[in-house]
Amino acid sequence: METDDREGNRMWEEDSSHKHLLDVSSWINCIVASKTTKDTMFARGIKRKCFDGEEDIEGTLAGFKSVPSYNLQRQSLLDMSLVKLQLCHMLVEPNLCRSVLIANTVRQIQEEMTQDGTWQVINAQNTGQASLDRLVSSDILCRSTKEQNEGKLVPSYSGFSKDFENTPSQDIISDLSTVTSVQAPRNPQSNNVWEMENSQENRGNFQKSLDQIFETLENKNPNSVEDLFSDVDNSYYDLDTVLTGMMNNTKMGHCDVLESFSSQTTTNSNSNCKSDINELDHIVEILVES
Amino acid sequence: MWLNQERSTDILFLFGYTADIISTVEFNHSGELLATGDKGGRVVIFQQEQENKTQTHSRGEYNVYSTFQSHEPEFDYLKSLEIEEKINKIRWLPQKNAAQFLLSTNDKTIKLWKISERDKRPEGYNLKEEDGRYRDPTTVTTLRVPVFRPMDLMVEASPRRIFANAHTYHINSISINSDYETYLSADDLRINLWHLEITDRSFNIVDIKPANMEELTEVITAAEFHPNSCNTFVYSSSKGTIRLCDMRASALCDRHSKLFEEPEDPSNRSFFSEIISSISDVKFSHSGRYMMTRDYLSVKIWDLNMENRPVETYQVHEYLRSKLCSLYENDCIFDKFECCWNGSDSVVMTGSYNNFFRMFDRNTKRDITLEASRENNKPRTVLKPRKVCASGKRKKDEISVDSLDFNKKILHTAWHPKENIIAVATTNNLYIFQDKVN
């Protein structure tokens, strides 16, 4: 059972329809396996510790060895679930029951993470070495705090995209040039023109998440990892949007968006951390090629 | 019967049939006919041979009786999505005359098919030749009366009713009412009531669609009419609940008469608890007193008079509980297994992975695991019981959990209504087993 993840890979390797999951999740499994202790499968119902008051710190330190692995696993489960929700089936409608069950799982994790918010700060401090791993493995789909700091651009941005939908076509060109000039001083990696065409929040978040990764790698500041965890924007985990997106059956457009997105990010990547960026591109390609 | 302690389990492998991916299996009310539906929209019906007096050790074999294309793939132009032709369910109507009738459904459309035999044909027309060409009327000098002459048996299937455009979501169940005039069809969010004669309208009797789809957290997974009470039906949900509704109470049965739900076991709680509690199938017993539900790891028998917990629970493959994360990853955790009762409601059966299927005897509390595979079975050989080794030392002939093939799953099984004959569908093959009569 302890080697479950390795052998478990075998059982679905032959299933070609899940090939896209093979690359990403086997890699997540490796990270999980290397950090976990004996009783790793949190599917076995790890009892949640209720942290009320100062007594808990002792309990925290005492049970410390199992905690990072639980959070890491939980994060991996969250990511896996989000990937499952976002993968689209080109021709046939996705199974509603499956989507609802996955969405409920994500909600559960989100609720628990919100309640246990203090946990992640402690984790970040003590597993700094693993921070980059965790960043790469877990936070592909998370929003960054840097995005939030540039908050004043974001509302106007989303406001713009709303206007874009309603604006008659002759105003588009002038509007485009306005936005491009606003965004230019920031950095070359935001794909504004592309993003304007897609009003759905989850697509925007995907792009922003990669922005965040690039920025964090450029930064290489351990504090940024804390920021990542402490200020996770819960609106990303806005399942309402994801579900609405599914209900509206805009999956075809979604896939096209992801494909165009992957090609754009490779050209816009920061030159400072080339090897890391290349690795992330590879990961992104795997994710979007699904 | 075949789980008797005094006798070894003598279950014979009778018959195997290779097809497109089989998506449903159903015996008719007499058990003489067995219908299968597949992913390609085809229905294949097998017929049991009449009992052979010389071979008393077994009952008749099943041979192909009729094959027809029930549903074709369609394209929904508004949503730019394909509508699969895969047959989700087949339900037989009780036989009223020489012809047989069944309902078959894909995700969106239900069809009533008439299957009739033709073994005679008229001969001796005055105006037509035997090959169908018209005769020149001026050459007709005498008149004769056409007569029926025997011909080779021909089985014809013709669609008699098409019930379409009533479901926005994917149909998962159909169930014929005991009044034999109406039936229900259930999709993820709604249940409709139809009259078999009327195709242009149906009544919506359950609607759990929230006003705001963003609030959707629960879907309907299966529904069935009570075998005796024509006003009663049940539907199961993805949250592990079963609701029993009485159509006499109101036109829209959104408020249940009974709610069956077992409280969660806190020691087994995990992020996957809800997913594995989702009910994939619900079946009333023939008596109508009990119903059986199948969730991912277990089969539960409920007494209709007791809502707060099942009266019996059988673990199908508890050894998978520690593998739930991997099974979530490869989507196997979403597999929908069906379950079925035997004719006397004393044994229940359901499928598992590695082409295993399980039977539970409710009286003796014994259970057995068997495998449906060609490699391990020659026709008319006795099946060997299997055992999965959950952990620790693996005994000889046991199979360890990690060597189970999760691509080989038995989702669909059926039990003859009167005899100990079972039909088990692996991905591409249909197996028919019967118990050995000594």
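In the annotation of an unreviewed UniProt entry, chain B is listed under the name Serine/threonine-protein phosphatase 2A 55 kDa regulatory subunit B and assigned to Sarcophilus harrisii. Entered under Sequence similarities (unreviewed entry) in the UniProt record, the comment concerning chain B runs "Belongs to the phosphatase 2A regulatory subunit B family."

### Describing the overall build of chain B
A count of helices and strands for chain B gives 2 helices and 32 strands. Expressed as a percentage of the 438 residues in chain B, the buried residues total 55%. Of all intrachain contacts in chain B linking residues separated by at least 6 positions in sequence, the fraction that spans at least 24 positions is 54%.

### Observations concerning the overall build of chain A
Helix and strand content of chain A: 16 helices and 0 strands. In chain A, which comprises 290 residues, the proportion classed as buried is 51%. Contacts in chain A between residues at least 24 apart in sequence constitute 81% of all its contacts with a sequence separation of at least 6. A total of about 13800 Å² of accessible surface is found on chain A, and carbon and sulfur atoms cover 51% of it.

### A closer look at the confidence of the model for chain A
The share of residues in chain A with pLDDT of 70 or more is 15%, and the mean pLDDT across the chain is 48. Segment residues 121–273 of chain A is flagged for pLDDT under 50; beyond a separation of four residues in sequence, or across chains, it makes 218 contacts in the model.

### A word on the pattern of salt bridges
A full pass over the atoms with the stated rule returns 33 salt bridges over all chains. The shortest N-O distance in the salt bridge between R161(B) and E197(B) comes to 2.6 Å. Of the two residues, R161(B) sits in strand β11 (residues 147–163) while E197(B) sits in the loop between β14 (190–195) and β15 (198–207), which places them 36 residues apart along the sequence. Accessibility expressed as a relative area gives 23% for R161(B), which makes it partly exposed. E197(B) sits in the exposed class, given a relative accessible area of 52%. Residues participating in the shared-partner salt-bridge network are R74(A), E112(A) and D116(A).

### Things to note about the environment of W415(B)
All names here are of chain B. Summarising the element assignment, W415 is placed in strand β30 (residues 412–415). By relative accessible area, which is 6% here, W415 ends up buried. Put simply, W415 and E26 are 389 residues apart on the chain and 8.2 Å apart in space, counted from C-alpha to C-alpha. A distance of 3.4 Å separates the side chain of W415 from the backbone oxygen of E419, its partner in a polar contact. Within the local environment of W415, its side chain forms a polar contact with the side chain of N420, the two groups lying 3.4 Å apart.

### A word on unusual backbone geometry
All names here are of chain B. Even without glycine at this site, S80 takes up a positive phi of about 55 degrees. Note on placement: S80 falls in the loop between β6 (74–76) and β7 (81–83). A positive phi is found at D331, a non-glycine position, where the angle reads about 70 degrees. Tracing the backbone shows D331 in the loop between α2 (324–329) and β24 (339–341).

### Quick look at helix α5 (residues 96–115) of chain A
Compared with an ideal rise of 1.5 Å per residue, which puts 20 residues at 28 Å, α5(A) spans 28 Å between its outermost C-alpha atoms and is within 8% of the ideal. Extensive coverage of α5(A) is indicated by the burial of 16 of its 20 residues.

### A look at the nonpolar core
Counting residues in hydrophobic clusters, the biggest one holds 44 residues, and the most contacted among them are F272(B), Y296(B), L320(B), L327(B), Y328(B), I333(B) and L404(B). With 9 residues, α5(A) is the single largest residue contributor to this core.

### Quick word on the pairing of strand β2 (residues 22–27) of chain B
Residues and elements named next belong to chain B. Along β2, 6 of the 6 residues are buried, which leaves the element largely enclosed by surrounding structure. As defined by bridge partners, β2 adjoins strand β3 (residues 33–38) across 5 bridges and the pair is classed as antiparallel. By the bridge assignment, V25 is partnered in β3 with T36. A loop of 5 residues connects β2 with β3, the two strands running antiparallel in sequence, and G31 in this loop sits at a positive phi of about 85 degrees.

### Concerning the sheet that holds β14(B)
Residue and element names in this part refer to chain B. Here 4 strands make up an open sheet; going across it, the order is β12-β13-β14-β15 and the pairing antiparallel. Unpaired on one side and paired on the other, β12 (173–176) and β15 mark the two borders of the sheet. Recorded for the sheet is a direction-independent mean angle of 25 degrees between the axes of neighbouring strands. In this structure, β14 lies alongside β15, joined through 5 bridges in antiparallel fashion. Looking at the pairing, H195 lines up with I198 of β15.

### So, the side chain of D76(B)
All names here are of chain B. By the element assignment, D76 lies in strand β6. No salt bridge is formed by the buried D76; the nearest opposite charge belongs to K79, separated by 4.6 Å. For D76, the side chain forms a polar contact with the main-chain nitrogen of K79, separated by 3.3 Å. What D76 contacts, discounting residues up to four positions off in sequence, is L81 and I83.

### A word on the sheet that holds strand β4 (residues 42–48) of chain B
All names here are of chain B. Sheet architecture is open: 4 strands sit in the order β2-β3-β4-β5, paired in antiparallel fashion. Of all the strands in the sheet, the pair left with one neighbour each is β2 and β5 (62–69). Averaged over all adjacent pairs, the angle separating strand axes in this sheet is 20 degrees, with direction ignored. With 5 bridges joining them, β3 and β4 adopt antiparallel strand pairing. Its bridge partner lying in β4, A35 is registered against I45.

### Some thoughts on the environment of V347(B)
Residues and elements named next belong to chain B. On the secondary structure map, V347 appears in strand β25 (residues 347–351). What makes V347 buried here is its relative accessible area of 6%. C-alpha of V347 to C-alpha of R366: the two residues are 19 residues apart in sequence and 9.7 Å apart in space.

Thresholds applied
Residues numbered from 1 in each chain as written. Chains lettered and ligands numbered in written order. Predicted model: local features only at pLDDT ≥ 70, side-chain atom pairs only at ≥ 80, totals over all residues. Heavy atoms only, no water. UniProt positions renumbered as here; feature names shortened; annotations may be inferred. Helix = DSSP H or I, 4+ residues; strand = E, 2+ residues; numbered from the N terminus. Buried < 20%, exposed > 50% of the residue type's maximum accessible area, 1.4 Å probe, protein only. Contact = heavy atoms within 4.5 Å. Areas by Shrake-Rupley, 256 points an atom, 1.4 Å probe, with all protein chains shown as cover. pLDDT = per-residue confidence, 0-100. Salt bridge = Lys/Arg side-chain N within 4 Å of Asp/Glu carboxyl O. Polar contact = N/O pair within 3.5 Å; in protein donor to acceptor, adjacent residues only side chain to side chain. Expected span 1.5 Å × (residues − 1). Core = buried A, V, L, I, M, F, W, Y, C linked by side-chain atoms within 4.5 Å. Pairing = 2+ DSSP bridges. Axes fitted to C-alpha atoms, helices over the stretch in contact; angles between N-to-C directions. Lys, Arg positive; Asp, Glu negative; His and termini not counted.

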